[in-house]
Each structure stands twice: as structure tokens, then as C-alpha cells.
Amino acid sequence: LARELVDADVVVSVGVIAYDAVIGYRGTSSVFYPGLSSVDAIRKLLGQGHSELGPEDDRPLRQEMDEVAWLLGNMFTIQVIPARAHGVVEVLAGANDAVLAHGKELLAQEWRVSLPERAAMVVVSIDEDDAGETWWHLGAALETARNLVTRGGRIIVLSQLRGELTPGLELLRVSRDARSALQPLSKSQPPDMVTAMQIARAADWAKVYLLSRLEPSVTEELFLFPLENEKQVSRLLADPGPC
């Protein structure tokens, strides 16, 4: 942990409770570890999630985070539950366990999507926030869509995404196909590894169509199908099948 944390008389975690591809739930103890640990420790934790696990499934990494906070002596936390639109659902303060338990309930009410079966087509849109729209937003959206669509189905992403490729995406770009990029990404562990792997897994699982401001050639090199306008989206949506 950061030396300032260890030396402090009192520490209070402040953060956001949200679903996380690696640890199931982000918030409370994760602020300290890996959030305020060493760069080496953070790198070791990247990509340790399992796509087949749900948020409620046991994650040894999450248990380790809670143990670190307990050993640190942290007893009190302040956490925010984000709203679907801009703003917050609620701000929670209190003991770690109680806040996290109530936060999970609020998160499920606001954010969880459950379907009786996977759909042949899933449409996701990305709402640009104050920080702009990033590759991280695309990776998170595709992670959700992949959990809802059938194998070989279609994912349509509506976005205004633009920007330079990050190191992990450059590695994906030069790979033979989306699946073959997973092992090099896991081995080299670029800073954007989780995002790049989310995009690669989605492209390997389904046909991903992306409406964005990227050059079509860049989109194709990431094993995604570029959409140039809303008319093309409408034609895809006209196909029969559960959506």
C-alpha cells in the first residue's frame, strides 16, 4: 500500500460502487487495494476476472481486498451509487459491510439487466459523459452486450467514439483475428488490457457493428463492422429475430 495510507491515523474510503469485470463489485476496499497500491501490484491484478462469473460469484481477489482494508484498520466508508442518467441514486455512509450490501441492492435495481434467454441481436448506446467518450466506455458496453447476445449473434453499438488507439488496441489491430489477440494481451499486460480484451472477446463471440466517428478502416482492423449512419442501423434492425 501507499506509505501515506499505512502511516495515517484514520483512513476513510470514498468511491463508487459499480459492477466490475475483474472483481465483481468495485467500491469500499478496492479504493485502497489495488487503487492505492504499487504499480507492480496493479499490473498483476489486471485481467484476473473470468467472463463466465457473475457479480455475486466468489472472487478471491475481492476477498483479498476486504482483508487488506481490515488489516489497515478501515472501518468507515462513503460510497456513491451512480444513476442511469447523469447524477447519483444515493450516497451511502457507514460500516464497510453494511454500505456494500445496501449498495449492491441499489445497483441491481438501477443497473442490472436479466433476460430469460439470450437475444439474437443486442443494441447498446454509449452516453458521452463530462470526460468524453473513451475506449473504456466501448469495452464496458461490449462486455454487457456479450452477456446478453447469442453466440454468432449481432451487437450494434451506437456511439460518437473517436480518438487514437491505445497500446492494447494496437496489439489487437495487428493480430490474425480477435481470439488470437487474447494471449499476447495477457502476456504483455498493457495499461488498457482489460478494455482490449473486452473488445476482442465480444468480436470473437458475435458480429459487432459500431456506429462511431472512427475511420472505417480502423474499425475493421479491430474486427468490428463499421456503420456510417443511422440508415445502416435501421436496416440491421429490420431483420427478424428477438432484439
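Predicted model only: the values in this text are computed from it and were never measured.

A. Focus on the sheet that holds strand S7 (residues 149–158). Spatial ordering of the open sheet is given by S6-S7-S8-S9, a layout of 4 strands whose pairing is parallel. Looking along the sheet, the strands with just one partner apiece sit at the ends: strand S6 (119–125) and strand S9 (225–227). Strand-to-strand twist in this sheet, taken as the mean axis angle between neighbours without regard to direction, amounts to 20 degrees. Bridge analysis of S6 against S7 gives 6 bridges, and the strand direction is parallel. Of the residues in S7, the one forming a bridge with Val122 is Ile155. Packed on one face of the sheet, helix H5 (residues 135–146) meets S6, S7 and strand S8 (207–211) and runs near 145 degrees to S7.

B. Broad picture of the nonpolar core. The biggest cluster of nonpolar side chains holds 35 residues, and the ones touching the most others in it are Trp135, Leu138, Leu142, Ile155, Val157, Leu169 and Ile199. Those elements that provide at least two residues to this core are S6, H5, S7, helix H6 (167–173), helix H8 (193–205) and S8. Discounting chain neighbours no more than four positions away, the residues touching Ile199 are Trp135, Leu138, Gly139, Leu142, Leu169, Leu172 and Leu224. If you look at the next biggest cluster of nonpolar residues, it comprises 8 residues, including Tyr25, Ile81, Leu106 and Leu107.

C. Broad picture of unusual backbone geometry. Cis geometry is adopted by the peptide bond preceding Pro34, which originates at Tyr33 and carries an omega value of 15 degrees. Within the secondary structure, Pro34 is located in the loop between strand S3 (24–26) and helix H2 (39–45). Phi is positive for Gln189, which is not a glycine, with a value near 50 degrees. Of note, Gln189 is situated in the loop between helix H7 (182–188) and H8. Positive phi, close to 65 degrees, is recorded for Phe223, a residue that is not glycine.

Conventions we followed
Residues numbered from 1 in each chain as written. Predicted model: local features only at pLDDT ≥ 70, side-chain atom pairs only at ≥ 80, totals over all residues. Heavy atoms only, no water. Pairing = 2+ DSSP bridges. Helix = DSSP H or I, 4+ residues; strand = E, 2+ residues; numbered from the N terminus. Axes fitted to C-alpha atoms, helices over the stretch in contact; angles between N-to-C directions. Contact = heavy atoms within 4.5 Å. Core = buried A, V, L, I, M, F, W, Y, C linked by side-chain atoms within 4.5 Å. Buried < 20%, exposed > 50% of the residue type's maximum accessible area, 1.4 Å probe, protein only.

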